[in-house]
Structure formats: structure tokens, C-alpha cells
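# Structural overview for review
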Amino acid sequence: MKWNEILVRYGELSLKGRNRNLFVQRLRKNVKFQTKDLETVSVHAERDRMFIRAEDESEIEEVLQRLQHVFGIHSYSPIARTERTDEAIEKLVLDVLSMKDLTGKTFKVEAKRADKTYGKTSQQIQQWIGAHALRNYPELTAQMKNPDFVLHVDIRRDAAYISSEVYKGPGGFPVGSSGRSLLMLSGGIDSPVAGYYMMKRGVALEAIHFASPPYTSDLAKEKVLDLAEHLSKFGPTIKVHVIPFTKIQKLIDEKIPANLTMTVTRRLMMRIADRVREERGLLGIVTGESIGQVASQTLESMTAINAVTATPIIRPLVTFDKSEIIETSEHIGTYDISIRPYEDCCTIFTPANPTTKPRLDKVEHFEGQVDFEELITEAVNEREVVISTKREKVASFSELL
Ligand code: ATP
Ligand code: MG
């Protein structure tokens, strides 16, 4: 069976007024981006639906797969085309039906006639095609109310179009339609999942990763770039800012009481992330934290971490169980990368007994006695910026100037 085009329905896009157009245009851009290596694919966006066409029919099959990753799509259907003769239409109807499991199924025909000069009315088309289907597939039953499937026959000026499959899309909003944020991407299981949920709500991402060489290896960094690359499946490429964090971690280790080093480390990460965010014009900072998971993820701890900035810190996983997060990471394909066994900068310097209820005044007191400012500026300036999908180092900060 060869499909010629795909009808895409927007779902949650049914937004009000002016926004709608922007959202549709964004979705169109994202579909084009996801299919840019497929040479014969073209995308035609209308107000309520989108058509994706391809000259090369095998490319349609590929697009059907890829749409599973394009947020903003509610559902989609492959459509077959044929010339407008009775014979051709009858044959195509049988071809489309032959691909389905029809045992015990109920159906109805819905016909549309965009070209009113066509010889039959919609009603007549429905009766004709319904009878034709029942004659060839006696296991079918016609049913007008809630049938198992609908056979769509659409007579347009150029040809007849037939479809019956409906695939569920991933939902959400087109990535990029809700602004851009900075994802704090460790090599763990949680942060890529947090990024995924942000993208699903239409937020485009850049990522920031803290590396502490030589305590963390190049392989740990590679793992993070692999995660970012994998996330790019759901949207545009992700720029990763890799921050050299060793000097700061050593200074914290040296100057801050052991039970507070964890909190101070998080606060410094956040300060650096906020600098990069501001410089890049991003709106929020995203983390993979969830309440109670580890010492640094209590409400008290989050309060102490948040105190370094007024920027929205978004924690999409805050109420999720670990098992739920793992399930999603398996589903989106980041789990196998996340479980590669490399050290994260935070685990290496973690003290035996970090406080779970840091007091902000205490933290600020000890932190205030150490001058981190110069090292923060240095870390931000010496960061490496990598584009996830191409693995190419864009530039170091100084080269960007
Ligand atoms: P994850 O699985 O995302 O690493 P986790 O359960 O291991 O999370 P933590 O290590 O406490 O929890 O990290 C909490 C959050 O802090 C992470 O989800 C991530 O957003 C951020 N984070 C931790 N380490 C790093 C790092 N090296 N670089 C960037 N962000 C980090
Ligand atoms: Mg971690």
C-alpha cells in the first residue's frame, strides 16, 4: 500500500486569536526541520490542519514515524490518492481496507466533495462505497454511531483521496512556541526527562553542564552531549554550554563547612547558569529535581538554592516518583545513555552528611566569606559551547565576542 500524503490535526493548538497563526507557522517549521533530509517532502499548513506530501512514497512512511516526535500534533492520518474514475476509487478502497484487521469491526463512510462538478453527491458516494466495502468484506458491519473506524473519501478537483488510519500524535505545543529556557543537564536520568517535558510544552532549550576535569572524564561529557543530541529528536538542535567547574568546587571544599558544601555548590551552579541564561536571552532555568529524592532536593534546600536569583526555576519533575521518571526516560530513549557509569561533578565532592535543611542565613554567612565572583566570571567566560547534533564546538566564549 502506498500513501501519498499525511493529514495532520493540531489539537491543543486550538488557541485563541492571533497566536494561532504563530503556532501553526512554528509547527510547520518544526515539521520541515524534522524532515529536512527527505528530498521530496513538502508541507502545506492551513488554519485547522496541515498536509505533508511527498513525491517519493517511501518518504511518507518515514515521515509517519517521525511525526511521533513532533510536539503540537494531536493526530495524523496517511492518505492515498487515485484518479477520479469509479474503477480506480473502488480499487483503492479495497487496498486501504486490506491493510486493516477487519474481523468484527464496525465502520462508516464519510464522503466530502470539494469539487461540486463531480458526478455523485456526498450521500451517493457514501452509499456506493459503503456497499462496495460490505460486498468485498462481509465481516464488516456498517454503523453510523461510534463505528470502530471511518473510511474517508474526499473528492478534490485533481484526484480522489482515501484514508482510514488515525495515529495519535505526541500532543503538547510546537517547540519554540513558548519561548526558550536553559536546562541544567547532568548525566543523570532526571534532567533529560525534565527537558523533554519542557519541550513538550513548547519551550526550546539550550543546556548547561558542569564538568570538573580531571575528576570527571571526557566520557562523562560525551554522555551529556549524547543526551542533548538525543533530546534534539524532539525539537531543534540544542546548544550545550560546558562549564569548567573544578576550581570552584575545590574552593568550596576548602572553605565551606562540610555539611553545607552541597547547598553552596548548587547555589554557585545556579548563579553561573543564571549568567549564561541572561547572556543568551533565555527566560527560565530548568532542573530535574524532585522533592525528597536526595539531600539537596528538600523544600528547604530548594529555598536556599532559589535565593540566588529571581529567575523562574522550573522543576517539571518536582512531584514525580523515580519509577515514573525512569519509565519516561525509557519511553523517550534517554535511559540507556543516562545509566552509563560516569561520575558527575556533584557526586565526587559530596560530603558524607549534607544537611537536608540548610538555613539560608547560615549558608549566606559562610558563602559571604569567600570571594567566588572572579571564579564565576572565569568559568562563564571559559565555557565551551557545543552544538549537540553536529558535535562541533561552536566557539569558546572569547571567540564569540
Ligand atoms: P539527574 O538524574 O538529573 O542527575 P539527580 O537525581 O542525580 O538528577 P542531582 O544530582 O541532585 O539529582 O541533581 C539535581 C539537578 O541538578 C539535576 O536534575 C540537574 O538539573 C542539576 N545538575 C546536577 N548536576 C549537574 C551538572 N553536573 N551539570 C548540570 N546540571 C546538573
Ligand atoms: Mg545527578
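Residues numbered from 1 in each chain as written. Chains lettered and ligands numbered in written order. Predicted model: local features only at pLDDT ≥ 70, side-chain atom pairs only at ≥ 80, totals over all residues. Heavy atoms only, no water.

### So, a negative patch on the surface
Taken together, Asp-321, Glu-324, Glu-327, Glu-330 and Asp-336 make up a surface patch of like negative charges. Sort the elements by how many residues they give to the negative patch and helix 10 (residues 322-332) lands first, with 3 residues. In this structure Asp-321 comes out as partly exposed when scored by relative accessible area, which is 46%. (Patch = residues over 30% accessible without salt bridge, like charges linked within 9 Å, V, L, I, M, F, W, Y side chains within 5 Å. Areas by Shrake-Rupley, 256 points an atom, 1.4 Å probe, with all protein chains shown as cover. Salt bridge = Lys/Arg side-chain N within 4 Å of Asp/Glu carboxyl O. Lys, Arg positive; Asp, Glu negative; His and termini not counted. Charge placed at Lys NZ, Arg CZ, Asp CG, Glu CD. Helix = DSSP H or I, 4+ residues; strand = E, 2+ residues; numbered from the N terminus. Buried < 20%, exposed > 50% of the residue type's maximum accessible area, 1.4 Å probe, protein only.)

### As for the site of ligand 1
If you check the shell around ligand 1, you find 23 residues, and the closest are Met-184, Ser-186, Asp-190, Ser-191 and Gln-293. One of the side-chain N or O atoms of Ser-186 is found 2.4 Å from an oxygen atom in ligand 1. Asp-190 is positioned such that a nitrogen or oxygen atom in its side chain is 2.6 Å from an oxygen atom of ligand 1. Notes on ligand 1: free accessible area 580 Å², of which the protein chains cover 90%. Within the residue set of the shell around ligand 1, elements represented by two or more residues are helix 5 (190-200), strand 11 (204-211), helix 8 (261-280) and helix 12 (345-348). It is strand 11 that contributes the most residues to the shell around ligand 1, 3 residues altogether. Taken together, the residues of the shell around ligand 1 break down into 9 nonpolar, 9 polar and 5 charged. (Near = heavy atom within 4 Å. Polar contact = N/O pair within 3.5 Å; in protein donor to acceptor, adjacent residues only side chain to side chain. Nonpolar A, V, L, I, M, F, W, Y, C, P; charged D, E, K, R; others polar.)

### Regarding the packing of helix 7 (residues 246-255) against helix 8
Where helix 7 meets helix 8, the axes come as close as 10 Å, and the angle between the chain directions of the two elements is 150 degrees. With respect to their mutual orientation, helix 7 and helix 8 come out roughly antiparallel. Where helix 7 crosses over helix 8, the two elements pack in a sense that is right-handed. Residue-level inspection shows Ile-248, Gln-249 and Ile-252 of helix 7 in contact with helix 8, the latter providing Thr-261, Val-264, Thr-265, Leu-268 and Ile-272. Considering only residue class, the contact of helix 7 with helix 8 consists of 5 nonpolar, 3 polar and no charged. (Axes fitted to C-alpha atoms, helices over the stretch in contact; angles between N-to-C directions. Parallel < 35°, antiparallel > 145°, perpendicular 65-115°, else oblique. Left-handed = near helix turned anticlockwise from the far one by under 90°. Contact = heavy atoms within 4.5 Å.)

### A short note on the nonpolar core
By size, the foremost hydrophobic cluster in this structure holds 43 residues, and its most contacted members are Ile-6, Leu-67, Ile-89 and Ile-129. Per-element accounting of this core gives the leading share, 5 residues, to helix 3 (residues 86-98). Setting aside anything within four residues of it in sequence, one finds Leu-67 in contact with Ile-6, Val-8, Val-31, Ile-52, Ile-73, Tyr-76 and Pro-170. (Core = buried A, V, L, I, M, F, W, Y, C linked by side-chain atoms within 4.5 Å.)

### Focus on the UniProt feature "domain: THUMP" (unreviewed entry) in the chain
When the UniProt feature table is mapped onto this chain, "domain: THUMP" (unreviewed entry) is found at residues 61-166. Between the end C-alpha atoms of residues 61-166 there is a gap of 14 Å, over a span that is 32% helix and 29% strand. (UniProt positions renumbered as here; feature names shortened; annotations may be inferred.)

### Examining the pairing of strand 4 (residues 73-82)
Among the 10 residues in strand 4, 8 count as buried, and that is most of the element. As paired elements, strand 1 (residues 5-9) and strand 4 share 5 bridges and run antiparallel to each other. By the bridge assignment, Arg-9 is partnered in strand 4 with Ser-75. Judged from the 3 bridges that link them, strand 4 and strand 9 (residues 167-171) form a sheet pairing that is antiparallel. Note on strand 9: the bridge partner recorded for Ile-73 is Gly-171. (Pairing = 2+ DSSP bridges.)

### A short note on the UniProt feature "binding site: ATP" (unreviewed entry) in the chain
Look at the UniProt record and you will see "binding site: ATP" (unreviewed entry) annotated at Met-184, Leu-185, His-209, Phe-210, Arg-266, Gly-288 and Gln-297. Mapped onto the elements of the fold, Leu-185 is located in the loop between strand 10 (180-184) and helix 5. Under the relative-accessibility criterion, Leu-185 is labelled buried at 2%. Ignoring anything within four residues of it in the chain, the contact list for Leu-185 reads Ser-191, Pro-192, Ala-207, Ile-208, His-209, Val-224 and Ala-228. For Phe-210, the position within the fold is in strand 11. On the accessibility criterion, Phe-210 (4% relative accessible area) is buried. For Phe-210, the contacting residues outside a window of four places in its chain are Met-184, Ile-243, Phe-245, Met-269, Ile-272, Ala-273 and Cys-345.

### A few points about the pairing of strand 3 (residues 49-54)
Where a strand is regular, its side chains alternate between the two sheet faces. Taken together, the 5 bridges between strand 1 and strand 3 define a ladder with antiparallel strand orientation. Counted as the bridge partner of Ile-6 is Ile-52 from strand 3. Relative to strand 3, strand 2 (residues 41-45) is paired through 5 bridges, and the arrangement is antiparallel. Bridging across to strand 3, Ser-42 finds its partner in Arg-53.

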